[in-house]
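# Structure at a glance
The residues making up each chain are set out below.
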Amino acid sequence: MIKENNIKLIFLSLSLLLIILIFFFPFFWIITSSFKSPEEIIATSTTIIPRSFTLEHYNKILFNSDFFIYLKNSLIVSFSSMIISIILSVSAAYGLHKLKFYGNKFVEYSLLVTYAFPGVILLVPIYLLFAKVNLLNSYFALIIVNVLFATPFAVWMLKAFFKLIPDEIEEAAYIDGASRYIVISKIIVPLATPGIASVSIFCFIISWTEYLFASILISGDDLKTLPVGLAGIVGQYQIDWGFLLSGAVLASLPVILLFVFIGKYFVSGLTEGAVK
Amino acid sequence: MKKNNIEGWLFVSPLIIWISLIILAPIYIAFELSLFNVKIIGTSGKFVGIENYIKLFGKSKFVNASLNSLYWIIGNAICQTFFAFTIALTINYKFPGKKIMANWIILSFIIPTVVVVVIWKLMLSSSSGVINSVLIDIGILDEATGFFSSPNKAFISLVLINSWRWSPFLALIILSGLNSINREMYDASKVDGANFVQQFLFITFPNLKSVLFVLGLVGTLLSFNIFDIIWLITKGGPSSATTTLPLLIYETAFTKFRISQAATLSIVTSFLLLLFSIIFIKSMAPKEDD
């Protein structure tokens, strides 16, 4: 027994070490590197503890680039996509969960298939469709696509959260004469707040990280999102690493901040019932 | 009952209309385009029937990209299964810092893919990358290697980078499956003298069947779909070794401007994926227990 526990302990420590090294160290590396002098970033000998400290890269990206334009675009697109996604998926998830209507199983399976539907296949035809109806180069073009990618999984997660709300609470409200609208806005939504929070994060992340459609549907510099702006620097022949790294850190910051506040709902939402 | 039907559809219809409009209208347009010979967007071409389809199957580029996509899916499945299970089984134990790790392991999934690209381009850089210098320091390499310079190395590096992004997310979903397994089964098996390898094979794994089914289906389609990581790092090279079907579609449409060909590719690809999904569901769907 003791021997087996020792083996377990060794395995556990080893895999913990491996996980930290593989999944956390890269973040330490780019964050510290973004404060290093340009010479140290591209130096061939590597030092784990940085030798230099400079704010010049951040200075350059904040005050000498289009960063704030891209940031504004990303924020507008991501927040709008998130809000529309939440409204549509709360409504759909409630309908699927509470009202066992004819064809509900079909809708559910179709949503699951849509979740995995490869976006690339839609790229060319969506481009043509949007060109026809004059939607290219608009926030709305990106919002339409982001909502499409975010909602199927959002409905799936929300349904699991709605299941946790006891039916009796809702029935009691109906007996008291409450309408469907009152029940949803005053009972269901408040009780499902952790679920809605985690689904919101998911929708925000999907929109915040989207690159492919943003790079094709938007051509004007004033409407580009952060990932597309950053990718422009990655593609350059001579990469300015300090500039790129500070941009990468800043582009990740908003989702990370969001995650600090509601991340635990997201993770518990995923691990405690989203798949059941 | 009837009231439920109308009300139910009312609740679902805004989303359903949104999704079907944005999926079905483009697919119709793509199908129409695939029957014509349109090159540059906005111009019109002549009707060619199924000629585009016949030509496609004779093209070595299409065959090459299909094979690459197949290797890409298999490689990612193996790597991600390994990483995701390692993470999930580790986090499932109690240790100090478990909560923080469970919350933040997903960091690689929430940052933009472009940032993933930046991270690994820097870490794997041949001139100043930290991976190269560590591998030289511990004696595995004699001199710095270009991780994206040869076809095989580029392909493997990309599979690992993509797995790095997705495994933590998959691990959390596996964890949800692990949480639903009755603890008593482990205790009972211990009384019977089972070790932890046997526990994994005979309790953990069979109980994860339905989670693994969803992951197998959704995961395969999602990895097939990966575009930005490959495009931003190798652009499909060297010598088309990392050109998967999504990259081929993109290239055909937006760098070669052969819109009809790209539409044909999209239709054929959708058909292949649909076929895969049906076969997968028919043969692997777990029997309902309840």
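Residues numbered from 1 in each chain as written. Chains lettered and ligands numbered in written order. Predicted model: local features only at pLDDT ≥ 70, side-chain atom pairs only at ≥ 80, totals over all residues.

So, about the overall build of chain A. The number of helices and strands found in chain A is 13 helices and zero strands. Its helices and strands in sequence order give chain A the pattern α-α-α-α-α-α-α-α-α-α-α-α-α, from N to C terminus. Out of the 276 residues in chain A, the part that is buried amounts to 45%. In chain A, once contacts between residues fewer than 6 apart in sequence are set aside, the share between residues at least 24 apart is 78%. (Helix = DSSP H or I, 4+ residues; strand = E, 2+ residues; numbered from the N terminus. Buried ≥ 20, exposed ≤ 12 C-beta atoms within 10 Å, placed from the backbone. Contact = placed C-beta atoms within 7 Å.)

So, on to the confidence of the model for chain B. Scored by pLDDT, chain B comes out at a mean of 85, with 96% of its residues at no less than 70. Both scores are given for the predicted complex: the pTM is 0.88, the ipTM 0.86. (pLDDT = per-residue confidence, 0-100.)

With that settled, the discussion passes to the nonpolar core. Counting 153 residues, the largest nonpolar core has Leu123(A), Val124(A), Phe202(A), Val118(B) and Ile249(B) as the members making the most contacts within it. Here the element with the most residues in this core is helix H7 (residues 139-163) of chain A; it accounts for 16 residues. The contact partners of Ile249(B), leaving out residues within four places of it in the chain, are Val120(A), Leu123(A), Val124(A), Ala262(B), Leu265(B) and Ser266(B). (Core = buried A, V, L, I, M, F, W, Y, C linked by C-beta atoms within 7 Å.)

This brings us to unusual backbone geometry. Residue and element names in this part refer to chain B. One non-glycine residue, Lys235, adopts positive backbone phi at about 55°. Position of Lys235 relative to the elements: it lies in the loop between helix H12 (228-234) and helix H13 (245-254). We note that Ser239 has phi near 40°; this positive angle belongs to a residue other than glycine. Exposure remark for Ser239: the 11 C-beta atoms within 10 Å place this residue in the exposed category.

Look at helix H13 (residues 241-271) of chain A against helix H6 (residues 113-123) of chain B: their axes get within 9 Å of each other, and the N-to-C directions meet at 140°. Taken together, the axes of H13(A) and H6(B) are oblique relative to one another. Considering only the axes of H13(A) and H6(B), their crossing is left-handed. Judged by residue contacts, Trp241(A), Leu244(A), Leu245(A), Ala248(A), Ala251(A) and Ser252(A) of H13(A) engage Val115(B), Val118(B) and Leu122(B) from H6(B). Its residues assigned to classes, the contact of H13(A) with H6(B) comprises eight nonpolar, one polar and no charged. (Axes fitted to C-alpha atoms, helices over the stretch in contact; angles between N-to-C directions. Parallel < 35°, antiparallel > 145°, perpendicular 65-115°, else oblique. Left-handed = near helix turned anticlockwise from the far one by under 90°. Nonpolar A, V, L, I, M, F, W, Y, C, P; charged D, E, K, R; others polar.)

The next subject is the interface of chain B and chain A. Between chain B and chain A, the residue contacts involve 82 residues of the former and 81 residues of the latter. Broken down by element, the side of chain B that touches chain A gets its largest block of residues, 19 residues, from helix H1 (residues 2-34) of chain B.

All names here are of chain B. With 16 residues, helix H11 (residues 209-224) should cover 22 Å at 1.5 Å per step; its first-to-last C-alpha distance of 22 Å lies within 8% of that length. Among the residues of H11, those classed as buried are Val211, Leu215, Gly219, Ser223 and Phe224. Those residues of H11 hidden inside the fold are in contact with helix H3 (60-91), helix H8 (151-179) and helix H14 (259-284). (Expected span 1.5 Å × (residues − 1).)

What follows covers the environment of His57(A). Residue and element names in this part refer to chain A. Locating His57 in the fold gives a position in helix H3 (residues 56-63). Residue His57 is classed as buried on the basis of its 25 C-beta neighbours within 10 Å. Taking C-alpha positions, His57 is 52 Å from Ile182, a pair spaced 125 residues apart along the chain. When neighbours within four sequence positions are excluded, His57 is seen to be in contact with Ser34, Gly242, Phe243, Leu245 and Ser246.

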